[in-house]
Amino acid sequence: MDLSLIIMQLLSGVALGAVLVITALGLTIVFGMLGVVNFAHGALFMVGAYAGLYLASLTGSFWWGLLLAPVLIGAFGMLIELVLIRRLYGRSIDDPLLLTFGLSYILVEGVRIVFGSDGIPFPTPPQLIGVVDLGIGFFPRYRLFVIVLVAVVLLALWLTLEKTRVGLIVRAGARDPTIMQVLGVDIGRVWLAIFGLGVGLAALGGVLAGPMRSVNPEMGSLVLAEAFVVTVIGGLGSIVGAVVAGLMVGISISMVALFAPEMATIVMFALMAVVLLIRPQGLFGVRGRTA
Amino acid sequence: MPKSGSTWKITRRAALAGLSASAALLAAPRLGRAADETIRIGFPTPLTGPFAAEARDQVKCAELAVKLVNDKGGVAGRKVELLVRDDKLNAGEAATRTLELIEKDKVHAVVGALSSAVQLAVNEVTRARGVIYVSISQSDTINEAKDFSKYTFHEALNPHMTTAAVARQTLKKGMKVAHLVADYAYGHEMLRGFKRAQAAIGADNVGEILHPFGAADYSTFMPRLMSMRPDVLCISNFGRDQANAIKQAVDFGVKQQMKIVVPVILHNQRLAVGPDVFEGVIGGANYYWGLEAQSKSAAAFNAAFKAANGGAIPTDYGAYGYSGVASLLLAMQAAGGTDTDKVVEALEKLKYDLTKGPQHYRKCDHQSVQSVLVLESKKKSAMTGESDLFAILASDAGSEDMLRSCSELGHAT
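Residues numbered from 1 in each chain as written. Chains lettered and ligands numbered in written order. Predicted model: local features only at pLDDT ≥ 70, side-chain atom pairs only at ≥ 80, totals over all residues. Heavy atoms only, no water.

Participant: Please clarify how the overall build of chain A should be interpreted in this entry.
Facilitator: Each helix and strand in chain A was counted, giving 11 helices and 2 strands. Of the regular secondary structure in chain A, the N- to C-terminal order runs α-α-α-α-β-β-α-α-α-α-α-α-α. Taking 2.2 N^0.38 as the reference for a compact globule, 291 residues should give roughly 19 Å; the C-alpha atoms of chain A span a radius of gyration of 19 Å, in line with that estimate. Counting the 291 residues in chain A, one finds 51% classified as buried. Nonlocal contacts in chain A, meaning residues at least 24 apart in sequence, comprise 76% of its contacts between residues at least 6 apart. Of the roughly 13,000 Å² that chain A leaves accessible, carbon and sulfur atoms contribute 72%. (Helix = DSSP H or I, 4+ residues; strand = E, 2+ residues; numbered from the N terminus. Rg over C-alpha atoms; globule rule 2.2 N^0.38 Å. Buried < 20%, exposed > 50% of the residue type's maximum accessible area, 1.4 Å probe, protein only. Contact = heavy atoms within 4.5 Å. Areas by Shrake-Rupley, 256 points an atom, 1.4 Å probe, with all protein chains shown as cover.)

Listed below in structure tokens is the structure:
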């Protein structure tokens, strides 16, 4: 087995992991800060892909779709938080789980009614069609773009959470909402923003995945399972965990595909089982955390 | 309170009317059955799930077959009724629905199923109860002796026929061939077919990669496939797997280095990913509407379908729904009714030409001997319209030489 093939395979794994990171991130932020297990995350990923495609064809440019879909769907997420999820805070964790589970069915059926149940083509933006010669092999230009974009989004997110006042409030709100309220912070607005951010990230993942797969109403269900596996491996609620675990899962799938391709899907579940046996709270999770 | 009084009167009247109406309804079926019973055909198909688009086309075409027969006065003076059931692409669900169709709805025969596992489940039930089953799934395990019964018929193409026809068009002696295969019955059967055809032609196998069924990402298989440096890449999978695998192979620049070939090129998946991605991909098919330029049967079938469906064209999988039901009804017509043994005998003797030229069921395994089309997906600039998807490279006339021999399938000869 020559080295260039292994490097190419590694790069495929990173590109695969990048989309996993973005989707798992939204899931883990919402869980870590609101204690809500969002079962509609996969459906919102799918809605994001459709929204991106629709906006791209409306404006004639993929870039508008990429920019506007996460914002619009994020705003839709805020509406969901305001109207539905907000009523369930303080109740058992099962309640928002069941609510979002039902919501995912409504979203999938809604898209089927509007766009039909067949797949729709999502064209790759013209600037990113084709392959780049890396010297050791060819790699799709679009996938390189996805890796770079995800890195930029992660950096921006990290800077916002760690270096700004808004980030401070968000982190404090997750730690102790009561004290925050005593200090005069409108915690309801913080929750609204966090849920919107989580949903926006799901939509971004959907738009990014669109040109790699065709778009169809069921595309979110597999993504939801993958995002959960990544979140569990990284530790529920941990942002660093989601990033590390996402890349780890992507690279593992890719490397296993090289030697035992038929095992490529199973490997992430095997990885999860091993992590759960050794570190039940996940790689970066906090032991005994209750939401 | 006069108002509530009048309301009460109306409800009572309505109730009385309702009672007598339901009494009449109860009596009606008995009267109907005494005169001449309708012929009921059960039709399980995956209306929900990833193959829903194909299933809906099947139903439309099966309904067309029934309508055309009823318009001409039915079969032996009896009206035909189609009972469509959703098998949800699940073997257990399909078995339950089929059992219900037989025991409760008293169907005279069953046509349908799309996936290989579902087809086996339906065949189990119909075989045990001695009911005729015409399968329109591309898998053909039910034709092998261990699963076969005299009630089992297979109208669809089988993996052996399609892969042989595609290989004949695309492979040459000394060519290097690589395979990307879905890891389940359908993929395995197609791979077996390709390898057999490859060996006969003298092409070399340079590698096989099995991928999990229903995978969304194929990027991780591409570097290795390209490092094998084949001339031809055969992608043997179905439904959305086909669309995703081809799209991602194209993203990796696979088409610049090799030809992409599939056992069955799917009308709906070509629509789902667009002309640029599929451009130049070659695959087999049971039917393509463009055949009307060379076949009168195809022209007639297209015209009938268009008339019934607001000008739409029939798809590959839709045509199976039509030929599966229509061939059965022709046999019932010849048998003069629904007596199972007589209909089986009539099906074995039947020569039919419904969508694309002469077909018949081979005696030993009840596989329909038929022509195989080989199609190439058109370049966007070469398309004359929205539905002008493929160029017909070949239309090999049906012959028993295309099939595996009866003894190879385990049948006494």
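Participant: Explanation requested: the sheet that holds strand β3 (residues 109-112) of chain B in the structure shown.
Facilitator: Sheets are built from strands that pair by backbone hydrogen bonding, the pairs being arranged parallel or antiparallel. Residue and element names in this part refer to chain B. With parallel pairing, the 5 strands of this open sheet are ordered in space as β2-β1-β3-β4-β5. Two strands close off the open sheet at either side, each with one partner strand: β2 (80-86) and β5 (152-154). Ignoring which end each strand starts from, the neighbouring axes of this sheet average 20° apart. Examined bridge by bridge, β3 and strand β4 (residues 132-135) share 4 bridges and lie parallel to one another. Its bridge partner lying in β4, V111 is registered against V134. Sheet strands touched by helix α4 (residues 116-129): β1 (39-45), β3, β4 and β5. Its angle to β4, the strand with the most contacts, is close to 165°. (Pairing = 2+ DSSP bridges. Axes fitted to C-alpha atoms, helices over the stretch in contact; angles between N-to-C directions.)

Participant: What is the right way to look at a nonpolar patch on the surface in this model?
Facilitator: Residue and element names in this part refer to chain A. A cluster of nonpolar side chains, namely Y54, L58, I113, V114 and F115, defines an oily patch on the protein surface of about 560 Å² accessible area. Examining the composition of the nonpolar patch, we find that 3 residues originate from one element, helix α4 (residues 94-115), more than from any other. Among the residues examined, V114 registers a relative accessible area of 61% and is labelled exposed. (Patch = residues over 30% accessible without salt bridge, like charges linked within 9 Å, V, L, I, M, F, W, Y side chains within 5 Å. Salt bridge = Lys/Arg side-chain N within 4 Å of Asp/Glu carboxyl O.)

Participant: Whenever I open this one, helix α13 (residues 316-335) of chain B confuses me. Can you help?
Facilitator: Three or four residues apart is the spacing at which side chains of an α-helix point the same way, because the helix has 3.6 residues per turn. Residues and elements named next belong to chain B. Look at α13: 29 Å from first C-alpha to last across 20 residues, which is about the 28 Å you get at 1.5 Å a residue. The element α13 is largely enclosed, with a buried count of 16 among its 20 residues. A positive backbone phi angle near 75° is found at G336, which sits one or two residues after α13. (Expected span 1.5 Å × (residues − 1).)

Participant: Please clarify how the state of the cysteines should be interpreted in this entry.
Facilitator: Here is the idea: a disulfide is a covalent bond, and it sits between the sulfur atoms of two cysteines. All names here are of chain B. Per the stated rule, a full pass over the model turns up 1 disulfide over all chains. The disulfide partner of C364 is C406, and the gap between their sulfur atoms is 2.0 Å. The disulfide joining C364 to C406 has a torsion of about -85° about its S-S bond and is therefore left-handed. Of this pair, C364 sits in the loop between β12 (359-361) and β13 (368-369) while C406 sits in the segment after β15 (390-396), and the two are 42 residues apart along the sequence. You'll find C364 and C406 in the same group, each marked buried. (Disulfide = S-S within 2.5 Å.)

Participant: Which parts of the structure should I look at to understand the interface of chain B and chain A?
Facilitator: Interface size is commonly expressed as the accessible area that is lost once the parts come together. The interface of chain B with chain A comprises 27 residues on the first partner and 35 residues on the second. Between chain B and chain A, a total of about 2,500 Å² is buried, with carbon and sulfur atoms accounting for 54% of that surface. Considering only the surface of chain B that becomes buried against chain A, T220, R240 and F252 of chain B emerge as the three largest contributors, covering 23% of it. Remark: the boundary between chain B and chain A carries 2 salt bridges. R143 of chain A is the partner of D217 of chain B in a salt bridge, and the nearest nitrogen-oxygen pair spans 3.2 Å. Taken together, the connections running from chain B to chain A amount to 9 residue pairs in polar contact (both at pLDDT 80 or more). Of all elements in the fold, only α2 (52-71), β7 (204-211), α7 (222-227), α8 (240-251) and α10 (267-273) of chain B reach the threshold of two or more residues within the side of chain B that touches chain A. If you tally residues by element for the side of chain B that touches chain A, the top one is α8 of chain B, at 5 residues. (Buried area = accessible area lost by both parts, 1.4 Å probe. Polar contact = N/O pair within 3.5 Å; in protein donor to acceptor, adjacent residues only side chain to side chain.)

Participant: I would appreciate a short explanation of the domain arrangement of chain B in the present structure.
Facilitator: Residue and element names in this part refer to chain B. Examined at the domain level, chain B breaks down into domain 1 (39-157 + 292-370) and domain 2 (160-285 + 373-396). Placing the centre of domain 1 and that of domain 2 at their C-alpha centroids yields a distance of 28 Å. Taken together, the contacts link 21 residues of domain 1 with 19 residues of domain 2. By the criterion of area lost to domain 2, the three top residues of domain 1 are F51, L157 and D316, representing 26% of everything that side buries. Remark: the boundary between domain 1 and domain 2 carries 3 residue pairs in polar contact (both at pLDDT 80 or more). (Domains from an automatic or database assignment.)

Participant: Whenever I open this one, the pattern of salt bridges confuses me. Can you help?
Facilitator: Any two side chains of opposite charge can pair, so long as their charged atoms come close to each other. Applying the stated rule across the entire model yields 28 salt bridges over all chains. Here E109 of chain A and R112 of chain A are joined by a salt bridge, their closest N and O atoms 2.5 Å apart. A residue pair is termed a helical-turn pair when its members lie 3 or 4 positions apart in one helix, as E109 of chain A and R112 of chain A do in helix α4 at 3 residues. Each of the salt bridges in this network shares a partner with another, and the network as a whole consists of E109, R112 and E218 of chain A together with R240 of chain B.

Participant: Looking at this structure, how should I read the packing of helix α3 (residues 62-83) of chain A against helix α5 (residues 141-163) of chain A?
Facilitator: Each packed pair of helices is defined by two parameters, the angle between the axes and the distance between the axes. Residues and elements named next belong to chain A. It is at 15 Å that the axes of α3 and α5 come closest, and there the two elements cross at 30°. Regarding the angle of α3 to α5, the classification is roughly parallel. In this structure, α3 meets α5 at a crossing whose hand is right-handed. Note on element contacts: α5 touches α3 through Y142, F145 and L149, opposite F62, W63 and L66. Of the residues contributing to the contact of α3 with α5, the split by class is 6 nonpolar, no polar and no charged. (Parallel < 35°, antiparallel > 145°, perpendicular 65-115°, else oblique. Left-handed = near helix turned anticlockwise from the far one by under 90°. Nonpolar A, V, L, I, M, F, W, Y, C, P; charged D, E, K, R; others polar.)

Participant: When you look at the nonpolar core in this model, what are you seeing that I'm missing?
Facilitator: Soluble globular proteins tend to bury their nonpolar side chains together. The biggest cluster of nonpolar side chains holds 185 residues, and the ones touching the most others in it are L180 and L328 of chain B. The greatest single-element share of this core, amounting to 13 residues, is contributed by helix α1 (residues 3-34) of chain A. Counting only domains with at least three residues in this core, you end up with domain 1 (39-157 + 292-370) and domain 2 (160-285 + 373-396) of chain B. Apart from residues no more than four positions distant in its own chain, L328 of chain B is found in contact with I41, A109, V111, I132, V134, V343 and L347 of chain B. (Core = buried A, V, L, I, M, F, W, Y, C linked by side-chain atoms within 4.5 Å.)

Participant: Would you take a moment to explain the environment of A245 of chain B for this structure?
Facilitator: All names here are of chain B. Relative to the elements of secondary structure, A245 occurs in helix α8. Classification of A245 by relative accessible area gives buried; the value is 0%. With 23 residues separating them along the chain, A245 and M222 place their C-alpha atoms 9.6 Å apart. Residues within four places of A245 in sequence aside, it is in contact with L180, Y218, M222, I235 and N237.

Participant: Would you explain the sheet that holds strand β8 (residues 232-236) of chain B in this entry?
Facilitator: Residue and element names in this part refer to chain B. Within the open sheet, the 7 strands sit side by side as β7-β6-β8-β9-β10-β14-β15. Their pairing is mixed. With one partner strand each, in any of the chains shown, β7 and β15 form the two edges of the open sheet. Across the sheet, the mean angle separating the axes of adjacent strands is 20° when strand polarity is ignored. Relative to β15, strand β14 (residues 372-377) is paired through 6 bridges, and the arrangement is antiparallel. From the neighbouring strand, S377 faces β15, where its bridge partner is F390. Seen against the sheet, helix α5 (residues 159-170) touches β8, β9 (259-264), β10 (282-285), β14 and β15 and runs at an angle of roughly 155° to β9. Each of β6 (176-182), β7, β8 and β9 is contacted by α8, which is oriented at about 175° to β9, the strand it contacts most.

Participant: Honestly, the packing of aromatic side chains in this entry has me stumped. Any pointers?
Facilitator: Geometrically, a pair of aromatic rings is defined through the distance of the ring centres and the angle of the planes. Residue and element names in this part refer to chain A. Counted under the stated rule, the structure contains 25 aromatic pairs over all chains. Where F62 meets Y142, the ring centres are 6.2 Å apart and the plane angle is 75°; that geometry is what we call edge-to-face. Of the two residues, F62 is situated in helix α3 and Y142 in helix α5; the sequence distance between them amounts to 80 residues. For the pair F101 and Y105, a centre-to-centre distance of 5.4 Å together with 75° between the ring planes defines the contact as edge-to-face. (Phe/Tyr/Trp six-rings, centres within 6.5 Å; stacked < 30°, edge-to-face > 60°.)

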